[in-house]
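In case you want the letters, here they are:
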Amino acid sequence: MIIKLIPIVAVAALLLTACDESPSKTSKDVTQARAEASQNVSEARQEADKIERTSSDKVVDAQQAYTKTATTARQKLTKVESEALAAGANAEFEVANTEAEGRHNIAVEKCGALKGADKTACASTADANFAAEVAAATARRDTALAELTES
């Protein structure tokens with residue numbers, strides 16, 4: 001058992017003798033460690049400030065790019081929406097005209113069964129109704145197109 005304690009006592013003695021340092025040497029080492037720590041902290045703060053500035057610049061750049069892209073996208077969307085609404089107004093106009101022509105043709109055919117002044121009056125009425133329907137369809141289309149140019 002004593003043989004097992006000898007290495008432990010030897011290690012303890014070495015540790016105690018190695019730690020013998022004079023108070024002035026210890027004070028000098030502490031001062032040097034503080035100076036190194038202060039320098040390291042200062043350098044770390046400078047690096048952190050640099051990283052934060054770079055990051056902030058990148059955020060500002062990204063925000064500006066986003067704003068520019070969003071504005072461009074908004075303008076493109078507005079243009080496409082206007083074109084779609086104009087195309088819709090023109091398509092509705094074409095449908096209204098086609099329907100009016102169909103009704104006009106049916107009315108004219110019905111007039112074919114009449115004779116003389118009745119036939120002429122019937123055809124005139126059919127033509128007047130057709131003209132009124134085309135005028136109404138044109139007015140609806142033109143109003144829709146005018147609203148697009150106002151907005």
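Note that the structure is a prediction, hence the values are computed from the model and not measured. (Residues numbered from 1 in each chain as written. Predicted model: local features only at pLDDT ≥ 70, side-chain atom pairs only at ≥ 80, totals over all residues. Heavy atoms only, no water.)

A. Helix H3 (residues 116–150), seen in detail. The first and last C-alpha atoms of H3 sit 51 Å apart over 35 residues, in line with the 51 Å expected at 1.5 Å per residue. Close packing links the buried residues of H3 with helix H2 (23–111). (Helix = DSSP H or I, 4+ residues; strand = E, 2+ residues; numbered from the N terminus. Expected span 1.5 Å × (residues − 1). Contact = heavy atoms within 4.5 Å.)

B. Geometry of the packing of aromatic side chains. Applying the stated criterion to the full structure yields zero aromatic pairs. In this structure, Arg 141 is placed above the aromatic ring of Phe 93, and the distance from its NZ or CZ to the ring centre is 4.1 Å. (Phe/Tyr/Trp six-rings, centres within 6.5 Å; stacked < 30°, edge-to-face > 60°. Lys NZ or Arg CZ within 6 Å of the ring centre and 35° of its normal.)

C. Structural context of H2. Along its 89 residues, H2 runs 128 Å from first to last C-alpha, staying within 8% of the 132 Å computed at 1.5 Å per residue. All of the buried residues along H2 are Ala 70, Ala 86, Ala 89, Phe 93, Ala 96, Asn 97, Ala 100, His 104 and Cys 111. As for H2, its buried residues are in contact with H3. (Buried < 20%, exposed > 50% of the residue type's maximum accessible area, 1.4 Å probe, protein only.)

D. A look at the pattern of salt bridges. Taken as a whole and assessed by the stated rule, the structure comprises four salt bridges. Between Glu 83 and Lys 79 there is a salt bridge, and its shortest N-O distance comes to 3.9 Å. Of this pair, Glu 83 and Lys 79 both sit in helix H2, four residues apart, roughly one helical turn. Notably, a salt bridge pairs Arg 103 with Glu 133, separated by 2.4 Å at the nearest N-O pair. (Salt bridge = Lys/Arg side-chain N within 4 Å of Asp/Glu carboxyl O.)

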